[in-house]
Amino acid sequence: MIDLHTHTNESDGTHSPEELIEEAVRAGIEALAITDHDTLAGYAAAVEPARAAGVELLCGIELSTKLRGRSVHLLGYFLERPPSGEFTEWLREMQASRRDRNVRLSAHLRSMGIDVRLEEAEALGRGMTGRPHFARIMVQKGYVADERQAFDDYLDESAPGYVPRIEPQFDEGVERIRAAGGLAVLPHPVRVASGRRIEELLPALCEMGLDGLEIFHSDHSPEEAQYYLKLARKYNLAPGGGSDFHGDLKPGLRLGVGYGDLQVPAWVLEELREAARRATPQPLRGRPR
């Protein structure tokens, strides 16, 4: 069993890197990718525990980017290639932007009568505090019934409590990943564009240098997975797949199997690894080096 989309408490998951490896062993996971948001800290902390447990650990990340004015995530897989110092320095800039947004978000929520302090959220999220951590505090204090309501009523992009942060454009995210020797993969396409609209978008994303498409995901029905696989073959994109495990943040979603019926075939990892072998680092186009 493999799972190539997971999160630790170094971003918005609830399991420590060590606990995630322990859970992977219990679940029978043979290969695991940690894809924390805008940080490689969870992967770095899991390297030794994974080696000791005999779990193949892939280096991954999930970037927050902007595409046509919307927030769209982007997976980066580095596999055995260590990311460059230039890439990690760029990540530090993204993390600083995140913290600046959190300062403003806390102040904005308090102006709306929602008393969520920055230090409370940071106690949960540490260096990678994000909106899910604010949502958890809101649930704990009784402002909302659950995290979903926190986003719907306050934190989502269309909600009155939303505070934007500086995010790179999607094409820059792709360039940064590829310049660092990695593969850029679009996760959970069902969230990016519904129905057939994703196919209308893919040519432009491929022109930007997109390497892969996540086929298997906890949010994808079997029919959707087959449709995305067809698109991946059509546009020569490497396949991806994973549960998007966050621990307690997503009740009922289990490592490896999602909500119970997810199964990421072994050939997904084989094809992703082959694509990584063929890839060569691409220089940043017109960006400071």
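Okay, so let's go over this structure. These numbers were taken from a predicted model, which means no experiment stands behind them.

**Side note on the environment of Leu118**
Counting through the fold element by element, Leu118 comes out in helix α4 (residues 118–125). Sequence spacing of Leu118 and Ala33 is 85 residues, and the spatial spacing of their C-alpha atoms is 30 Å. When sequence neighbours within four positions are dropped, the list of residues in contact with Leu118 reads Arg99, Asn102, Val103, Ser106 and Phe134.

**Section: helix α2 (residues 41–53)**
The first and last C-alpha atoms of α2 sit 19 Å apart over 13 residues, in line with the 18 Å expected at 1.5 Å per residue. Of the positions making up α2, those classed as buried are Gly42, Ala46 and Ala50. Where α2 is buried, its residues meet α1 (17–27), β2 (31–34) and β3 (56–67). Of the residues flanking the end of α2, it is Gly54, one or two places downstream, whose phi is positive at about 75°.

**Considerations on the pattern of salt bridges**
Going through the model one piece at a time under the given rule, you end up with 23 salt bridges. Note that Arg148 and Asp152 form a salt bridge whose closest N and O atoms lie 3.2 Å from each other. Taken together, the residues Arg148 and Asp152, both in helix α6 (residues 147–155) and 4 residues apart, mark about one turn of the helix. The class of Arg148 is partly exposed, set by a relative accessible area of 46%. For Asp152, a relative accessible area of 45% translates into the label partly exposed. A salt bridge links Arg277 to Glu274, with the nearest nitrogen and oxygen atoms 2.8 Å apart. Of the two residues, Arg277 and Glu274 are both situated in helix α11 (residues 266–278); the distance of 3 residues between them amounts to about one turn of the helix. For Arg277, a relative accessible area of 55% corresponds to the exposed category. Given a relative accessible area of 31%, Glu274 falls into the partly exposed group. Salt bridges sharing partners connect three or more residues here, namely Asp38, Lys66, Arg98, Glu157, Arg165 and Glu167.

**Observations regarding the packing of α1 against α2**
Look at α1 against α2: their axes get within 8 Å of each other, and the N-to-C directions meet at 40°. The orientation of α1 relative to α2 falls into the category oblique. Two packed elements cross with a definite hand, and for α1 against α2 that hand is right-handed. In this structure, α1 uses Pro17, Glu18, Ile21 and Val25 to contact α2, whose residues at the interface are Gly42, Ala45, Ala46, Pro49, Ala50 and Ala53.

**Concerning the sheet that holds strand β7 (residues 238–242)**
As a general point, the strands of a sheet are linked pairwise by backbone hydrogen bonds and lie either parallel or antiparallel. Reading across the sheet, the 7 strands line up as β1-β2-β3-β4-β5-β6-β7 and stay open at both edges, with mixed pairing between neighbours. With one partner strand each, in any of the chains shown, β1 (2–6) and β7 form the two edges of the open sheet. The mean angle between the axes of side-by-side strands here comes to 30°, regardless of whether they run parallel or antiparallel. The strands touched by α11 within the sheet are β1, β2, β3, β4 (70–79), β5 (183–186), β6 (212–217) and β7, with β7 carrying the most contacts at an inclination of about 130°.

What counts, and at which threshold
- Residues numbered from 1 in each chain as written.
- Predicted model: local features only at pLDDT ≥ 70, side-chain atom pairs only at ≥ 80, totals over all residues.
- Heavy atoms only, no water.
- Helix = DSSP H or I, 4+ residues; strand = E, 2+ residues; numbered from the N terminus.
- Contact = heavy atoms within 4.5 Å.
- Expected span 1.5 Å × (residues − 1).
- Buried < 20%, exposed > 50% of the residue type's maximum accessible area, 1.4 Å probe, protein only.
- Salt bridge = Lys/Arg side-chain N within 4 Å of Asp/Glu carboxyl O.
- Axes fitted to C-alpha atoms, helices over the stretch in contact; angles between N-to-C directions.
- Parallel < 35°, antiparallel > 145°, perpendicular 65-115°, else oblique.
- Left-handed = near helix turned anticlockwise from the far one by under 90°.
- Pairing = 2+ DSSP bridges.

Fair warning: the whole summary comes from geometry, so function is off the table for now.
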